[in-house]
Amino acid sequence: MTVVAAILTSVIASFVISTVWYSVLGRGHASDDRRPSPLQIVAEFGRSALVAGAIVGLAKAMDIATIGPMLLLALVLWVAFPFVLLSGSVMWDKVPVATAARHGGDWLIKLLAVGAIVGLWL
């Protein structure tokens, strides 16, 4: 039950964090002023569940059950994946730095939150 609780809590936290993050930082951007469709909301919950499930799986496989190592794992995962992908999009696809930074900040906060939740629940 603790694994399910960790995943569900992480999914809800991720959704709330992103909602607040983009509602604050997305102001003034025409593409961010529209509300997501119900399908996009469901898809976002699914994406968050995949990330939380993967982090829980890594924590279990690595026998990590405390918050400190979980936060370190979350930081390493952020550097290894969102940071690398988003910086590549800036370098090769001409994505504006501000856009990549906005998405990178969202991912950093979400991964740290999921790491903290998993570290507390497991």
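Throughout, residues of each chain are indexed from 1 in the direction in which the sequence is written. At least 70 in pLDDT is required for a residue's local features to be given in this predicted model, at least 80 for side-chain atom pairs to be given and counted, and no such filter applies to totals for whole chains, interfaces and linings, which use all residues. The side-chain quantities take in all heavy atoms of the structure and omit both hydrogens and water.

## Some words on helix H1 (residues 2-25)
Using the following cut-off: Under the scheme used here, helices are H or I runs from DSSP no shorter than 4 residues and strands are E runs no shorter than 2 residues, and both carry numbers assigned from the N terminus. Take the residue count of a helix, subtract one, and multiply by 1.5 Å to get its expected span. Type-normalised accessible area, obtained with a 1.4 Å probe on protein chains alone, sets the label of each residue: buried when under 20%, exposed when over 50%, and partly exposed for intermediate values. Between two residues, a contact is recorded if the distance between any of their heavy atoms is within 4.5 Å.
Over its 24 residues, H1 extends 33 Å from the first C-alpha to the last, a length consistent with the 34 Å expected when each residue adds 1.5 Å. Within H1, the full set of buried residues consists of Ala5, Ala6, Ser10, Val11, Ala13, Ser14, Ile17 and Ser18. Next to the buried residues of H1 lie helix H2 (38-61) and helix H4 (97-121).

## Topic: unusual backbone geometry
Located in the positive-phi region is Asp63, a residue other than glycine, with phi close to 55°. We classify Asp63 as exposed; its relative accessible area is 68%. The residue Lys94 is not glycine, and still its phi comes out positive at about 60°. Within the secondary structure layout, Lys94 lies in the loop between helix H3 (67-93) and H4. What makes Lys94 exposed here is its relative accessible area of 67%.

## Notes on the environment of Gly104
Topologically, Gly104 is positioned in helix H4. Along the chain, Gly104 and Phe83 lie 21 residues apart, while their C-alpha atoms are 6.3 Å from each other. Residues contacting Gly104, with those up to four places away along its chain left out, are Trp78 and Leu86.

## Some remarks on the layout of surface pockets
Rules: Here a cavity means grid points, on a 1 Å grid over the protein atoms only, where a 1.4 Å probe fits yet cannot get out; a pocket means an open set of points with protein on both sides within 12 Å along at least five of seven lines; lining residues are those with an atom within 4 Å of a point. Grid points are joined across faces, edges and corners, and a volume is the space filled by probe spheres set on the points. When residues are sorted by character, Ala, Val, Leu, Ile, Met, Phe, Trp, Tyr, Cys and Pro go into the nonpolar class, Asp, Glu, Lys and Arg into the charged class, and all the rest, Gly among them, into the polar class.
If you add up the space inside the second largest pocket, you get close to 150 Å³. As for the second largest pocket, its lining consists of Val51, Ala54, Ile55, Leu58, Leu77, Phe81, Pro82, Trp107 and Leu111. Sorting elements by how many residues they give to the lining of the second largest pocket places H2 first, with 4 residues. Class assignment of the residues belonging to the lining of the second largest pocket gives a composition of 9 nonpolar, no polar and no charged.

## Quick notes on the packing of H1 against H2
Inclusion rule: Working convention: axes come from line fits to C-alpha atoms, limited for helices to the stretch in contact. Angles between N-to-C directions cover 0 to 180 degrees. If an angle is under 35 degrees, it is roughly parallel; if it is over 145, roughly antiparallel; if it lies from 65 to 115, roughly perpendicular; otherwise it is oblique. Rotating anticlockwise by less than a right angle from the far helix to the near helix defines a left-handed crossing, while the corresponding clockwise rotation defines a right-handed one.
Relative to each other, H1 and H2 sit at 135°, their axes nearing to 8 Å. It follows that H1 is oblique to H2 by the angle criterion. Between H1 and H2 the crossing geometry is right-handed. Within the contact between the two elements, H1 uses Val3, Ala6, Ile7, Ser10, Val11, Ser14 and Phe15 and H2 uses Ile41, Glu44, Phe45, Ser48, Ala49, Ala52, Gly53, Val56 and Lys60. By residue class, the composition of the contact of H1 with H2 is 10 nonpolar, 4 polar and 2 charged.

Geometric values such as these leave the question of function open.
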